[in-house]
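Observations on chain architecture
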Amino acid sequence: MTKIALGFFVGILLGMSFFLKSVQAQEITTVNNFSLNNEHMEKISLDQFKDKKAVVVLFTSSNCVWSVRYEERIQHLYEAFKDKDVAFLAVNSNDPSMLNKDGQTRRTTNPFPFPYLLDEDQAVAKQFKATKNPEAFVLTYEQDAFQVVFQGKIDDNPLDSGSARNNYLNEALAALDREQKLAEAFVRPSGCNIKWK
């Protein structure tokens, strides 16, 4: 009886580890072009930013408290790097049928001074293997492809920007601006799970 119970328990643990692995962030190296509508239903393509030194693609949500807490910090990052040839794109990939606030507000309001895009079929989030809101990706265009040079969290304190000790996204962009190697290319993201269809 003990062996049966132990086998059952091990089976549950293995099943849970398989499930958790499938929803955890995974490192990626390149991404393809995509085209999404902004809040005004205008088409924006990643290829429009090939000539930039870097493109920040930020998965975010009108509904997630973590994302909302980062909005001001993201705007500061945009202001700091917009004149250093860095483009920013926000992408909302949540299933709007699950969260009315996302479905209503993301179509009419944009909290950022850069494009806020609607990933309605969630294909972009799946291509990036994004899992969280917020989750940042820094891309550079090299060898005819967008290379992922940084992926993960913005900083290490979602509650208080002043108490953050590691400003991962800022450090990655500053290193690119100085043409230096990034200290960290992947920092496991944390936040609200993307709401899948």
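So, here is what we can say about the structure in this document. The structure displayed is predicted, hence computed values, not measured ones.

Right, let's get into the pattern of salt bridges. The full count for this structure, using the stated rule, is 5 salt bridges. Residue aspartate 177 is joined to lysine 53 by a salt bridge in which the shortest nitrogen-to-oxygen separation is 3.7 Å. Residue aspartate 177 is found in helix α5 (residues 168-177), and its partner lysine 53 is found in the loop between β3 (43-45) and β4 (54-59); the two are separated by 124 residues along the sequence. As a salt-bridge pair, aspartate 155 and arginine 73 come within 2.9 Å of each other at their nearest N and O atoms. One end of the pair, aspartate 155, is in the loop between β9 (145-152) and α5; the other, arginine 73, is in helix α2 (residues 65-81), and 82 residues separate them in sequence. What makes aspartate 155 buried here is its relative accessible area of 3%. When salt bridges that share partners are traced, they join Lys53, Lys84 and Asp177 into one network.

What follows concerns the nonpolar core. Counting residues in hydrophobic clusters, the biggest one holds 28 residues, and the most contacted among them are Phe88, Val138, Phe150, Ile154, Leu169 and Leu173. If you list the elements that add at least two residues to this core, you get β4, α2, β5 (86-92), β8 (135-142), β9 and α5. Per-element accounting of this core gives the leading share, 7 residues, to α5. Aside from chain neighbours lying at most four places away, what touches leucine 173 is Val56, Phe81, Val86, Phe88 and Val138. Formed by 23 residues, the second largest nonpolar core is a distinct cluster that contains Ile28, Val31, Phe34 and Phe59.

With that settled, consider unusual backbone geometry. The peptide bond linking asparagine 133 to proline 134 adopts the cis configuration, its omega dihedral lying at -5 degrees. One non-glycine residue, methionine 41, adopts positive backbone phi at about 65 degrees. Even without being a glycine, glutamine 143 presents a positive backbone phi close to 55 degrees. In this fold, glutamine 143 is placed in the loop between β8 and β9. Among the residues examined, glutamine 143 registers a relative accessible area of 74% and is labelled exposed.

In this section: the state of the cysteines. Formally, a disulfide is one covalent bond, and it connects the sulfur atom of one cysteine to the sulfur atom of another. This model, assessed by the stated rule, comprises 1 disulfide. Two residues, cysteine 64 and cysteine 192, share a disulfide whose sulfurs are 2.0 Å apart. Between cysteine 64 and cysteine 192 the sulfur-sulfur dihedral comes to about 80 degrees; the bridge is accordingly right-handed. Taken together, the residues span a long stretch of sequence, with cysteine 64 in the loop between β4 and α2 and cysteine 192 in strand β11 (residues 192-193) at a distance of 128 residues. Grouping residues by exposure puts cysteine 64 and cysteine 192 together as buried.

Let us now look at the packing of aromatic side chains. As enumerated under the stated definition, the model contains 10 aromatic pairs in all. Ring centres 5.4 Å apart and planes at 65 degrees place the aromatic pair phenylalanine 59 and phenylalanine 128 in the edge-to-face group. With phenylalanine 59 in strand β4 and phenylalanine 128 in helix α4 (residues 123-128), the pair connects residues that are 69 residues apart, well separated along the chain. We note that phenylalanine 59, like phenylalanine 128, is buried. Ring centres of phenylalanine 88 and phenylalanine 114 lie 5.4 Å apart, and the angle between their planes is 45 degrees; this geometry places the pair in the tilted category. Highlighted residues: phenylalanine 88 in strand β5 and phenylalanine 114 in the loop between α3 (100-108) and β6 (116-118), separated in sequence by 26 residues. For phenylalanine 114, a relative accessible area of 5% translates into the label buried. Linked through ring pairs, Tyr78, Phe88, Phe112, Phe114 and Tyr116 together constitute an aromatic cluster. Above the ring of tyrosine 70, the side-chain terminus of arginine 73 is found at 4.0 Å from the ring centroid.

Reading the values: rules and limits
Residues numbered from 1 in each chain as written. Predicted model: local features only at pLDDT ≥ 70, side-chain atom pairs only at ≥ 80, totals over all residues. Heavy atoms only, no water. Salt bridge = Lys/Arg side-chain N within 4 Å of Asp/Glu carboxyl O. Helix = DSSP H or I, 4+ residues; strand = E, 2+ residues; numbered from the N terminus. Buried < 20%, exposed > 50% of the residue type's maximum accessible area, 1.4 Å probe, protein only. Core = buried A, V, L, I, M, F, W, Y, C linked by side-chain atoms within 4.5 Å. Contact = heavy atoms within 4.5 Å. Disulfide = S-S within 2.5 Å. Phe/Tyr/Trp six-rings, centres within 6.5 Å; stacked < 30°, edge-to-face > 60°. Lys NZ or Arg CZ within 6 Å of the ring centre and 35° of its normal.

By themselves, these are just geometric observations and shouldn't be taken as functional.
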